[in-house]
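Here's the letter readout for the chains.
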Amino acid sequence: VDFSGEEFIFARLKINGKKKEFDNFTTYNIKGLSDDEVAKILEKTCQDLKIKNPFIVNVIPQHLAITKNLEIPSVDAREIKEIINLQSGRQTPYSREEIVVDYASIGTFRHSYTKILLAIVPRNTIKRQCEIIQKAGFRLEKILFAPEGIAQICRTQLKGDLLENPVGIVHINLNFTDFIVAVNGAASYTRSIPLGVKHYLEKTDEFMGKLVEELKKSLEAYQAEDIGTAVQLLFLTGAIEQLADLSAILAAQLHVPNKVLLYLGLLPLNQKVLTASTINKHVSFFGVTAALMYLRSIKIDLIPEEIKLKRAFDERIQQLIHMSVYVIVILVLCGSIFMSKFYFENVYLERLKIQHETLKPEAEILEKSMTKARIIKHYIRNRGHSLKVIEALYEILPKRIMLTDIKMDIEGKLNLKGTARAMSDVFTFVVALEESEFFSNVQTNYTSSRKEKDEDWADFGISCLLVKR
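Cut-offs applied
- Residues numbered from 1 in each chain as written.
- Predicted model: local features only at pLDDT ≥ 70, side-chain atom pairs only at ≥ 80, totals over all residues.
- Heavy atoms only, no water.
- Pairing = 2+ DSSP bridges.
- Helix = DSSP H or I, 4+ residues; strand = E, 2+ residues; numbered from the N terminus.
- Axes fitted to C-alpha atoms, helices over the stretch in contact; angles between N-to-C directions.
- 1 Å grid on protein atoms, 1.4 Å probe; cavity = no way out; pocket = protein on both sides within 12 Å on 5 of 7 lines; lining within 4 Å.
- Points joined across faces, edges and corners; volume = space filled by probe spheres on them.
- Nonpolar A, V, L, I, M, F, W, Y, C, P; charged D, E, K, R; others polar.
- Buried < 20%, exposed > 50% of the residue type's maximum accessible area, 1.4 Å probe, protein only.
- Contact = heavy atoms within 4.5 Å.
- Salt bridge = Lys/Arg side-chain N within 4 Å of Asp/Glu carboxyl O.
- Core = buried A, V, L, I, M, F, W, Y, C linked by side-chain atoms within 4.5 Å.

Draft legend 1. Expanded view of the sheet that holds strand β5 (residues 99-109). Pairing within the open sheet is antiparallel, and its 3 strands lie in the order β4-β6-β5. Whereas interior strands pair on both sides, the edge strands pair on one side only; in this sheet they are β4 (66-72) and β5. Strand-to-strand, the axes of this sheet are offset by a mean angle of 20°, without reference to chain direction. Of the strand pairs in this sheet, β5 and strand β6 (residues 113-122) are connected by 10 bridges, and their pairing is antiparallel. Of the residues in β6, the one forming a bridge with Ser-105 is Ile-116.

Draft legend 2. How the structure looks around empty space enclosed by the protein. Counted under the stated rule, the structure contains 1 cavity of 30 Å³ or more. Those elements that provide at least two residues to the lining of the largest cavity are α4 (146-154) and β8 (167-172). Here the lining of the largest cavity is composed, by residue class, of 7 nonpolar, 1 polar and 1 charged.

Draft legend 3. Representation of the environment of Val-38 in the model. Note that Val-38 resides in helix α1 (residues 35-48). Given a relative accessible area of 1%, Val-38 falls into the buried group. Every residue in contact with Val-38, bar those within four places of it in the chain, is listed here: Phe-3, Phe-8, Ile-30, Leu-33 and Ile-132.

Draft legend 4. Main features of the pattern of salt bridges. Applying the stated criterion across every chain, the model contains 22 salt bridges. Here Asp-48 ties to Lys-44 by a salt bridge, and the two come within 2.8 Å at their closest N and O atoms. Placement of both Asp-48 and Lys-44 in helix α1 is noted, with a separation of 4 residues, approximately one turn of the helix. For Lys-44, a relative accessible area of 48% translates into the label partly exposed. With a shortest N-O distance of 3.2 Å, Lys-310 and Asp-314 are connected by a salt bridge. With Lys-310 and Asp-314 both in helix α9 (residues 305-382) and 4 residues apart, the pair spans about one turn of that helix. For Lys-310, a relative accessible area of 54% gives the class exposed. Relative accessible area serves as the criterion here: at 31%, Asp-314 is assigned to the partly exposed category.

Draft legend 5. Just unusual backbone geometry, in detail. Although it is not a glycine, His-255 sits at a positive phi angle of roughly 60°. Mapped onto the fold, His-255 is located in the loop between α7 (246-254) and β12 (258-260). One non-glycine residue, Asn-441, lies in positive phi territory at about 55°. Positionally, Asn-441 belongs in strand β15 (residues 439-452). Residue classification places Asn-441 among the partly exposed positions, given a relative accessible area of 49%.

Draft legend 6. Focus on the nonpolar core. Judged by nonpolar contacts, the single largest core of 39 residues is most densely connected at Phe-22 and Phe-25. Secondary-structure elements contributing two or more residues to this core are β1 (7-16), β2 (19-29), β3 (56-60), α4, β8, β9 (177-183) and α8 (286-293). The dominant element in this core, judged by the number of residues it contributes, is α8, at 6 residues. In contact with Phe-22, other than residues within four places in its own chain, are Ala-11, Arg-12, Leu-13, Leu-267, Pro-268, Leu-269, Asn-270, Val-273, Thr-289, Leu-292 and Met-293. By size, the runner-up hydrophobic cluster in this structure holds 30 residues, among which are Ala-65, Val-100, Ile-132 and Ile-303.

In structure tokens:
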């Protein structure tokens, strides 16, 4: 929308994936109407077209802005913005608090300087745009600078060397004419001329003379500011269908070749829009439509900084809310999974308990039977073991030794006590035990001598381990 002049200008662009199509151009004469009435017109227009939740873009024409070409001694975007915030108040008679500024970079030179196009608009003007759209019940998403979009869309008509050389654009509207110099699709110089189709229809000859004079001044001002090289071509566009001799007059007076550019031919239009009766020939929709076509690549956005900060803050709050919801959902899901797992494990445990109670009597009977079997198996396996030990002792026992006590524990430790006729017989027995394959770790615990009926006897105690076979 553009309601900065006598006409309310409305265009709708439908975007479906990569497909773009303009399906409505609307104008109303709003001269003398209050802001509330203008808001009602916007609201009614959207209602008639059954528009819900539109992405509203307000376009600021050249005549509402003050533009300056500046050279900033930096190439860092943050530094450039800080310098502009400090210096922009000096470029206008307004104080810094009374204006809204933004800029577009034209290019760098001398490695450390950046050329910029600075756009300055009174804050009251921006405030009025925001309030009207808010009264209509919508949210204003962007406030774009019309010459930027016009410069970009005109670039599509350039070929060869003209792509990188300065090109002038003469955009004629109802009450104003915009002079724009574009380089490679970027607006590098702009100037507003207070002459339009309305003045042409009233005084044709006088209009032509004044327009030529103003365009000469614009070209001279562009050259004087040393922004770039001379303009190589002029595009004549906007509401120019009724200005039949304009191209020939400008070519003769300005000595710069020109080309008439009918902007409707550059736009993806719906068949309804192509009907001539639906378009006001005295009003140019080029500024509005060009801004929509290059919505993402236009650099100047005149939404006040405080609104941008508030929206960024609101978006951050929304993100935090969404994140909190996601965290709660995740916690609920994790809790549900844990509780369900806990529940099913409890159910499974109860089933096991019931099954255990059922099988417990049978398991006890079976365990008793297995215990009996183990005892019997152990008995059978060890049955006769002591006899084998005695047999092994008998084979190596000297005839002069008598064993008085034989003890064997469950771990296989054997303790022997006995009496021999001589101490040498005891030592012979110990050696025989050590050499036997049935015994190991043979130790003599004690030996003692005694007399009985005038005969010498030797008592002894020996311990050893049975070798497992």
